[in-house]
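Residue-level structure breakdown
Chain by chain, the residues run as shown.
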Amino acid sequence: MREKHHGRSRKMTKIVIFGAGAIGCYVGGHWAAATMGTETSITLIGRGRTFDGFRNEKLRLSGGRTVEVKPGLVNLSTQASDFSSADMIILAMKSTALPDAIAELERHAAPETPIVSLLNGIEPARRLKAVFPERQIIAGMVPFNVVWQSKAHLHRSSAGSLALEQTVATQALADKFEASGVPITLHDDLAPVQHGKLLLNLANPINALSGISLHKMLSQRAYREIYSAVLTEALQVYDAAGITWQKVGPISPKLGQRLLRLPDWLFNATLLKLQKIDRDSMTSMASDVAACRETEIDMLNGEIVRMAREAGIGTPLNARLVDMIHALDGPVTMSARELRQRIGL
């Protein structure tokens, strides 16, 4: 059963972030610092090697508000059973790890505990709701990127606020962390925001295939023209499928598909600066490709391909990018000219 928007806010004392990597540790660290000295506890559940760098020293969080989280302020665990007594469980792993997460939730999560999905794409929250029809599943969206600068330093490399569906539980969460380094914005319907974020994420495979930083990629018109074409194709799918979407970030994708084609001198001096992207940051997909890890391509450009199939139209550019990412067996550096030829643009 879903909670109503009115009524008393439920108490949020034990908050567990499950699958805590860069995003989970960044969010959890800020929230722990904001509630220091209160009854609220933040528990991160993840891989031991992720936590080894800051178990005994301060975790530095930069980008936006700079915070240093003292050892012991955040509870660190590798055991999924530790969320059995949670007041809220927040999923922060990659979407590729969702099946394993679902199995752990089935084993250990109390039926009344709200579950928040911060996973990329539209499908994860939808799948959770299908698997757990009687549980409260809350969709969320993280618009910013977080990268490890060292084993004890996380840096947010782009802007934006954490977005969640409006419920009594998330209202309590938003009130609690309003003054933190990761505040929350609430939405009665998060789907348009999720679809807006998906449009931004369509650049991820282009960045992964380019082998260069996202800032450097976007500073080159040749790469931007590829993204523009992919974006235009996705917007046509949205129109055909009747998908409502909302702008995420400083520039509307509808306008962006044209602005991306501006000369470098004009785009770089104006619109690229608005993005507030660190010069050395890579997308998470580029990092996954570099580390030979499974990517989230099926939840991103693959989602556009699925929507198009259901709407009865083609998406040759997005489909080709999906195929190319699946075919990789390691990092690659591809010029815009070569990539343009490979996707048939």
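Attention here is on the structure that accompanies the text. (Residues numbered from 1 in each chain as written. Predicted model: local features only at pLDDT ≥ 70, side-chain atom pairs only at ≥ 80, totals over all residues. Heavy atoms only, no water.)

What about helix 15 (residues 316–327)?
Which entries qualify depends on this criterion: Strands are runs of DSSP state E lasting at least two residues, helices are runs of H or I lasting at least four, and both sets are numbered from the N terminus onward. A helix is expected to reach a length of 1.5 Å times the quantity of its residues less one. Buried, partly exposed and exposed residues are distinguished by accessible area as a fraction of the type maximum, computed with a 1.4 Å probe on protein chains only: under 20%, between the cut-offs, and over 50%, respectively. What the arc describes is the spread of directions from the helix axis to the C-beta atoms. Contact criterion: two residues are considered in contact whenever any of their non-hydrogen atoms come within 4.5 Å of each other.
For helix 15, which comprises 12 residues, the first-to-last C-alpha distance of 16 Å matches the rise-based estimate of 16 Å (1.5 Å per residue) to within 8%. Regarding helix 15, the residues found buried are Leu317, Asn318, Leu321, Val322, Met324 and Ile325. Taken around the axis of helix 15, the buried residues stretch over an arc of 165°, which confines them to a single face. Pointing more than 90 degrees away from the buried face of helix 15 are the exposed residues Pro316 and Ala327. Taken together, the buried residues of helix 15 touch helix 7 (204–210), helix 9 (221–241), helix 13 (284–290), helix 14 (301–311) and helix 16 (336–342).

What about the sheet that holds strand 9 (residues 146–150)?
Strand pairing in a sheet is mediated by backbone hydrogen bonds. Such pairs are either parallel or antiparallel. In plain terms, the rule: DSSP-based pairing: two strands are paired if at least 2 bridges between them are found. Lines fitted to C-alpha atoms define the axes here, with helix axes fitted over just the stretch in contact, and angles between the N-to-C directions of these axes take values from 0 to 180 degrees.
Taking strand neighbours across the sheet as the criterion, the 4 strands line up as 4-3-10-9 in an open arrangement whose pairing is mixed. Each having just a single partner strand, strand 4 (67–69) and strand 9 make up the two edges of the open sheet. Averaged over all pairs of adjacent strands, the angle between their axes in this sheet comes to 25°, without regard to strand direction. Here strand 3 (residues 59–62) pairs with strand 10 (residues 153–156) via 3 bridges, running parallel. Residue pairing in the sheet places Ser62 in a bridge with His155 of strand 10. This element, helix 1 (residues 22–34), spans strand 3, strand 4, strand 9 and strand 10 of the sheet and lies at about 95° to strand 3.

Re the packing of aromatic side chains
Here the distance between the centres and the angle between the planes together describe a pair of aromatic rings. Basically, it comes down to this: Each aromatic pair joins two rings of Phe, Tyr and Trp (for Trp, the six-membered one) with centres within 6.5 Å, and gets the label stacked for planes under 30 degrees apart, edge-to-face for over 60, and tilted for any other angle.
Per the stated rule, a full pass over the model turns up 5 aromatic pairs. Measuring from centroid to centroid gives 4.4 Å for Trp31 and Phe177, while their planes differ by 5°, and the two rings are stacked. One end of the pair, Trp31, is in helix 1; the other, Phe177, is in the loop between helix 5 (168–176) and strand 12 (184–187), with 146 residues separating them in the sequence. Taking the relative accessible area as the measure of exposure, Trp31 reaches 1% and is therefore buried. Measuring from centroid to centroid gives 6.4 Å for Phe54 and Trp148, while their planes differ by 20°, and the two rings are stacked. Remark: Trp148 occurs in strand 9 and Phe54 occurs in the loop between helix 2 (48–51) and strand 3; sequence separation between them is 94 residues.

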